[in-house]
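Observations on the model geometry
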Amino acid sequence: MSSLVEVVDVGKVYARGNGTAALIGVDLKVERGEFTALAGPSGSGKSTLLNVIGTLDRPSSGEVLYDGQAVSGLDEADQADFRLR
C-alpha cells in the first residue's frame, strides 16, 4: 500500500544571487488518516515544503507523490487540475 503523500529527496533552491537552498534532501511520508505537523524556526523551509507538496511550487530536485503518482513533474495545467480535484 502506498502512502497518501510521499516526498522523496526533495530539494528547493531559489536562484537569486548565488542560490539559496530552502530545502535539501527532504523525505516525508503521510499515511491515510494520519495527522502531521511541521515545526521549526523561521526560515527553516516549512512554507516552502508545503508549497512544493501543494504543487504551488516545483522542487529543484526529488519527487512528490500522491497515492503513488508523481505530481511534481506535471505541467502547469495538469497541476492546476490536480489542485482542483
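Not measured: the values here are computed from a predicted model.

Calculation notes
Residues numbered from 1 in each chain as written. Predicted model: local features only at pLDDT ≥ 70, side-chain atom pairs only at ≥ 80, totals over all residues. Heavy atoms only, no water. Helix = DSSP H or I, 4+ residues; strand = E, 2+ residues; numbered from the N terminus. Phe/Tyr/Trp six-rings, centres within 6.5 Å; stacked < 30°, edge-to-face > 60°. Buried < 20%, exposed > 50% of the residue type's maximum accessible area, 1.4 Å probe, protein only. Pairing = 2+ DSSP bridges. Salt bridge = Lys/Arg side-chain N within 4 Å of Asp/Glu carboxyl O. Arc of directions from axis to C-beta. Contact = heavy atoms within 4.5 Å.

1. Notes on the environment of serine 44
In this fold, serine 44 is placed in the loop between β2 (20-30) and α1 (46-53). Expressed as a C-alpha distance, the spacing of serine 44 and leucine 23, which sit 21 residues apart in the sequence, is 8.1 Å.

2. Some details on the packing of aromatic side chains
One pass over the structure, following the stated rule, counts one aromatic pair. Ring geometry for tyrosine 66 versus phenylalanine 82: centroids 4.7 Å apart, planes at 50°, classification tilted. One end of the pair, tyrosine 66, is in strand β3 (residues 61-66); the other, phenylalanine 82, is in helix α2 (residues 76-84), and 16 residues separate them in sequence. Just as tyrosine 66 is buried, phenylalanine 82 falls in that class too.

3. Looking at the pairing of β3
Sheet analysis places strand β1 (residues 5-14) next to β3, joined by five bridges and oriented antiparallel. Bridge pairing in β3 places glutamate 6 opposite leucine 65. Between β3 and the antiparallel strand that follows it, strand β4 (residues 69-70), lie two residues; aspartate 67 among them carries a positive phi value of about 55°.

4. A word on the sheet that holds β4
Strand order in the open sheet formed by four strands is β2-β1-β3-β4, and the pairing between neighbours is antiparallel. A single partner strand is all that each edge strand has here, and the edge strands are β2 and β4.

5. Some thoughts on the pattern of salt bridges
The full count for this structure, using the stated rule, is four salt bridges. Glutamate 6 serves as the salt-bridge partner of lysine 29, at 3.9 Å between the closest nitrogen and oxygen. Within this pair, whereas lysine 29 is found in strand β2, its partner glutamate 6 is found in strand β1, the two being separated by 23 residues in sequence.

6. Description of α1
Of the residues making up α1, those classed as buried are Thr48, Leu49, Val52 and Ile53. Along the axis of α1, the buried positions cluster into a sector of 135°, meaning they face one direction only. Tucked into the core, α1 has its buried residues touching β1, β2 and β3. Immediately downstream of α1, the backbone of threonine 55 shows phi near 60°, a positive value.

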